[in-house]
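Structural overview for review
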Amino acid sequence: MFKNNIKLLILVIAIFFSGCGYKEAIHQTRDVAYLKFEKGTFKDYAITVNDKYTFKLDSCVRDPEAKEVMECHDSNNVYEVTSGSVKISVVDNKGNLIMDKTVYIGSTNTVVMELP
């Protein structure tokens, strides 16, 4: 009787574990990408993303201790956009179109745009 109960228990446990399927899924909570702008001049730029959102990049300032080195306050800023195809337009402070580009940015990736 005791051996039959052990066999039955082992059979029930085997059926239980064989009936359970193993599922694995990746859940991504936010689908975002990042833009970073590097510039080497003292101009102000207006950035337009996907013809909807516009923001300004302030001009760089000269470091008073070093003649050639300049400090850009926006050089460490990263701007969040939706991932996928992103249209970026850059206009300087005089209204001249500097860049009009469409790039694909994967989720959680950062694209660095070098401005003149």
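For the structure, check the block above.
As a starting point, this report considers the structure included with it.

Here is what the cut-offs are and how they apply
Residues numbered from 1 in each chain as written. Predicted model: local features only at pLDDT ≥ 70, side-chain atom pairs only at ≥ 80, totals over all residues. Heavy atoms only, no water. Helix = DSSP H or I, 4+ residues; strand = E, 2+ residues; numbered from the N terminus. Buried < 20%, exposed > 50% of the residue type's maximum accessible area, 1.4 Å probe, protein only. Contact = heavy atoms within 4.5 Å. Areas by Shrake-Rupley, 256 points an atom, 1.4 Å probe, with all protein chains shown as cover. Core = buried A, V, L, I, M, F, W, Y, C linked by side-chain atoms within 4.5 Å. Pairing = 2+ DSSP bridges. Axes fitted to C-alpha atoms, helices over the stretch in contact; angles between N-to-C directions. Polar contact = N/O pair within 3.5 Å; in protein donor to acceptor, adjacent residues only side chain to side chain.

Regarding the overall build of the protein
Summing up its helical and strand segments, the protein has 1 helix and 9 strands in all. Here the protein, with 116 residues, has 24% of them falling under the buried criterion. Considering only intrachain contacts with a sequence separation of at least 6, the fraction spanning at least 24 residues in the protein is 55%. Roughly 8900 Å² of accessible area belongs to the protein as shown, and the carbon and sulfur atoms make up 55% of that amount.

Let's talk about the nonpolar core
Within the largest apolar cluster, 17 residues are counted, with the highest numbers of intra-cluster contacts made by Leu35, Phe37, Ile47, Ile88 and Leu115. When contributions to this core are tallied by element, the ones reaching two or more residues are β1 (32-39), β2 (45-49), β6 (78-82), β7 (84-92), β8 (97-105) and β9 (110-115). In this structure Ile88 touches Leu35, Phe37, Ile47, Thr48, Met99, Asp100, Lys101, Val103 and Met113, once residues within four positions along its chain are discounted.

Looking at the environment of Phe42
Inspection of the secondary structure assignment puts Phe42 in the loop between β1 and β2. Taking the C-alpha atoms as reference, Phe42 lies 9.9 Å from Pro116; in sequence the two are 74 residues apart.

So, the sheet that holds strand β3 (residues 53-57)
In spatial order, the strands read β3-β2-β7-β8; together these 4 strands make up an open sheet with antiparallel pairing. The open sheet has two free edges, formed respectively by β3 and β8, since each of these has just one partner strand. Taken over all neighbouring pairs, the strand axes of this sheet differ in orientation by 20° on average, direction set aside. Direction of pairing for β7 relative to β8: antiparallel, over a ladder of 8 bridges. Each residue of the ladder has a partner; that of Ser85, found in β8, is Tyr104.

Thoughts on the side chain of Thr48
Assignment of secondary structure puts Thr48 in strand β2. Side-chain polar atoms of Thr48 contact the side chain of Thr54, separated by 3.3 Å. Excluding residues within four positions of it along the chain, Thr48 makes contact with Tyr53, Thr54, Lys87, Ile88 and Ser89.

Quick word on unusual backbone geometry
Phi is positive for Asp51, which is not a glycine, with a value near 55°. Within the secondary structure, Asp51 is located in the loop between β2 and β3. Positive phi values are uncommon outside glycine, yet Thr108 reaches one of about 65°. Along the polypeptide, Thr108 turns up in the loop between β8 and β9. We classify Thr108 as exposed; its relative accessible area is 56%.

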